[in-house]
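The lines below spell out each chain.
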Amino acid sequence: MKPIYVTKPSLPEFNSYVEEIRELWDSRYITNMGIKHKNLEIELKSFLGTKGLTLFTNGHLALESSIQVLGLTGEVITTPFTFASTTQAIIRKGLTPVFCDIQEDNFTIDSQKIESLITEKTSAIMPVHIYGNICNVEAIQKIADKYDLKVIYDGAQAFGVKYKGGSIAGFGDVTMYSFHATKVFNTIEGGACTYQDLSMEKSFNGDKNYGITGQESVESIGGNAKMSEFQAAMGLCNLRNISENIKKRKIRYERYLSQLEHFDHVKVQTFSKYIESNYAYLPIVCNSETLRNTIKLKLSNNQIYSRKYFYPLTKDYECYEGKFASVKTPVATKSSNCVLVLPLYPELSLEDIDRICDLIKSC
Ligand SMILES: *Cc1c(COP(=O)(O)O)cnc(C)c1O
């Protein structure tokens, strides 16, 4: 039997990608915001329902750019239950992360615990829409308004998710999306920022292209984070299949849920009725760390590879040791010790899901 990995990048039909990139051989315009880049920006604005959108060569640089463009300083309140990128972006931009605990039911930042972490140095909140779940956006905005803070959502895992029937791209000042190969929508490597204040567009474009605004003018101190035409072409192809792929993910999610629903030792993530998820991941929470590790081992003995996503918490990385005030985040710690992300992607067969669930139950 073939090994099963936790995810498998979605690719279009080979020939449709070849068709999409053919004209690049004639034009030789292969990067620097060419036709594919322009078209992808237009299509994504419409798909995500946002006024402003800027493409980047990856999600991480989009996040760093958001910090730069919003001019953040001092402390940023964030979650330790996330991928390395969120916390690293804050620190690489010279800011101090202040770690807030998460909600047990959906792994997002606990909005009730944010206020007590605010100091005169706080400039922003950076919550994460984790696993295709959505943060408590209303409560977070209320806090941000009360204390005059910026909000940057790490929406790397939330492409296509809807909240109360509408887009999530407009919450906060900026939302970052990742189009990495392993995400629900990919451009191989890639990412974007969405924003509703169009005066930010020029700053984002400058930040990703050395601050260049014309052949003889450089107006800001920018770096290079441009998406190439080949990445954008992959995005245009993959976008045609996105709704179909999310539907296939949903069917697979529901199969897991029906298989594991009555198995008391693990809990499958569920979504509130307001959320239309993209089913990006299939996290289960085991009732002990030992059981989590036993399941992971049992699966890998059968060539099925799950991930301890997110373990360790970012605040426990060795590179930060002794650098930031250690705050207690008991819910995040417990979740991190007991969570396991199972394989989920559009091509995964329902029979394989049944086999995975049988192995889990045998633990
Ligand atoms: C994938 C991911 C990122 C980073 O995105 P890249 O496109 O890989 O740079 C950031 N935050 C979270 C939560 C992610 O899952």
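These notes cover the structure that comes with them. Treat the numbers as computed from the prediction; the structure is a model and nothing was measured. (Residues numbered from 1 in each chain as written. Predicted model: local features only at pLDDT ≥ 70, side-chain atom pairs only at ≥ 80, totals over all residues. Heavy atoms only, no water.)

### Side note on the pattern of salt bridges
Reasoning step 1: Going through the model one piece at a time under the given rule, you end up with 16 salt bridges.
Reasoning step 2: Glu23 is the partner of Lys36 in a salt bridge, and the nearest nitrogen-oxygen pair spans 2.7 Å. Remark: Glu23 occurs in helix 1 (residues 14-27) and Lys36 occurs in helix 2 (residues 35-48); sequence separation between them is 13 residues.
Reasoning step 3: Relative accessible area serves as the criterion here: at 41%, Glu23 is assigned to the partly exposed category. (Salt bridge = Lys/Arg side-chain N within 4 Å of Asp/Glu carboxyl O. Helix = DSSP H or I, 4+ residues; strand = E, 2+ residues; numbered from the N terminus. Buried < 20%, exposed > 50% of the residue type's maximum accessible area, 1.4 Å probe, protein only.)

### A closer look at helix 3 (residues 59-70)
Reasoning step 1: For helix 3, built from twelve residues, the straight-helix expectation of 16 Å at 1.5 Å per residue is met to within 8% by its first-to-last C-alpha distance of 17 Å.
Reasoning step 2: Looking at helix 3, one finds that the buried residues are Gly59, Ala62, Leu63, Glu64, Ser65, Ser66, Ile67 and Leu70.
Reasoning step 3: Capping the start of helix 3, Asn58 holds a side-chain oxygen 3.1 Å from the backbone nitrogen of His60, two or three residues further along.
Reasoning step 4: At the exit of helix 3 stands Gly71, carrying a positive phi of roughly 65°. (Expected span 1.5 Å × (residues − 1). Polar contact = N/O pair within 3.5 Å; in protein donor to acceptor, adjacent residues only side chain to side chain.)

### Here's the deal with the pairing of strand 2 (residues 75-78)
Reasoning step 1: Covered by surrounding structure in strand 2 are Glu75 and Ile77 together with Val76 and Thr78, the residues of both alternating faces.
Reasoning step 2: Relative to strand 3 (residues 96-99), strand 2 runs parallel, the two sharing four bridges. By the bridge assignment for strand 3, Val76 is matched with Pro97.
Reasoning step 3: In this view, the connection linking strand 2 to its parallel neighbour strand 3 by way of helix 4 (residues 84-92) has right-handed handedness.
Reasoning step 4: Sheet topology places strand 2 next to strand 4 (residues 122-126); four bridges connect them, and they run parallel. Residue pairing across strands places Thr78 opposite Met126, the latter belonging to strand 4. (Pairing = 2+ DSSP bridges. Right-handed = clockwise from strand over helix to strand, strands pointing away.)

By themselves, these figures tell us nothing about what the structure is for.
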